[in-house]
Every structure is written in C-alpha cells, then in structure tokens.
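# Fold and contact review
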Amino acid sequence: MNEEHAYHPPKVDLWAVHSAKDNRPVFRGWAKTETSARELLDRLKGKDVEQEDEYWVEQMTQHDFGVYKALGIIPEEINV
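First, a word on scope: everything that follows refers to the structure included in this document. Per chain, residue numbering runs from 1 following the sequence as it is written. Local features in this predicted model are restricted to residues of pLDDT 70 or higher, and side-chain atom pairs are both shown and tallied only at a pLDDT of 80 or more, whereas totals for entire chains, interfaces and linings draw on every residue. Calculation of side-chain values draws on the structure's entire complement of heavy atoms; hydrogens and water are dropped beforehand.

## A closer look at the side chain of Glu-52
- Turning to its location among the elements, Glu-52 is positioned in the loop between helix H1 (34-47) and strand E3 (54-61).
- In this scheme, a residue with accessible area under 20% of its type's maximum is buried, one over 50% is exposed, and one in between is partly exposed, where area comes from a 1.4 Å probe on protein chains only. A residue counts as positive if it is Lys or Arg and as negative if it is Asp or Glu; His and the chain ends are not included. Whenever a carboxyl oxygen of Asp or Glu lies within 4 Å of a side-chain nitrogen of Lys or Arg, that contact is scored as a salt bridge. No salt bridge is formed by the buried Glu-52; its nearest oppositely charged neighbour, Arg-28, is found at 4.6 Å.
- Between N or O atoms, a polar contact is any pair within 3.5 Å; within protein, one atom must be a potential hydrogen donor and the other a potential acceptor, and residues adjacent in sequence are included only when both atoms are from side chains. A polar contact of 3.5 Å, which involves the side chain of Glu-52, links it to the side chain of Ser-19.
- Excluding residues that lie within four positions of it along the chain, Glu-52 makes contacts with Ser-19, Ala-20, Lys-21 and Arg-28. Secondary structure elements are defined from DSSP: runs of H or I of at least 4 residues count as helices, runs of E of at least 2 residues count as strands, and each element is numbered from the N terminus. It only takes one pair of heavy atoms within 4.5 Å for two residues to be counted as in contact.

## A closer look at the pattern of salt bridges
- As enumerated under the stated definition, the model contains two salt bridges in all.
- When the shortest N-O distance is used, the salt bridge between Asp-48 and Arg-28 registers 2.8 Å. Here Asp-48, found in the loop between H1 and E3, pairs with Arg-28, found in strand E2 (residues 24-31); they are 20 residues apart in sequence, far enough to count as distant.
- For Arg-38, the salt bridge goes to Glu-34, with nearest N and O atoms at 3.0 Å. Of the two residues, Arg-38 and Glu-34 are both situated in helix H1; the distance of four residues between them amounts to about one turn of the helix.

If you want it as structure tokens, here you go:
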C-alpha cells in the first residue's frame, strides 16, 4: 500500500513521550504542546539512571487519548 492510500488515524492536540529499552516501548508522559513534550523528554533522559535505547515524542491519536484517559493517565478534566 502506498503512502497516499495508507490509513492515518485522527490526531488530537496532545503529545506523548515514549522510551524503549530492549525493543520494549514505554509511555513516559504527555504534554499539551510538542515543545513541552520535548522538554519532558530531555528531563527524563537526564534523570534516567540507565539510558533507554531510544526516546521519542509523537502526537497522540484520538484512540491513544481515549485509552490514556480511561486508564487515568490523563486527568478527566483534560478535553481535546
């Protein structure tokens, strides 16, 4: 399937911070802006005793937002 026809899930105006070690991704936090998410990523890198193999920031999908909110990771009062 070419990129033109690939499915792109709807995004929301929140950003997720992740890291991975030994190919195991972990959700590390969220932010309202990409800049804030990158700042959080930098703080996490500085605090991690053992550096992860990789760190990244990505814009959340509507699905991600719903799951994180249902789990209580994102407070109930945050809406997009």
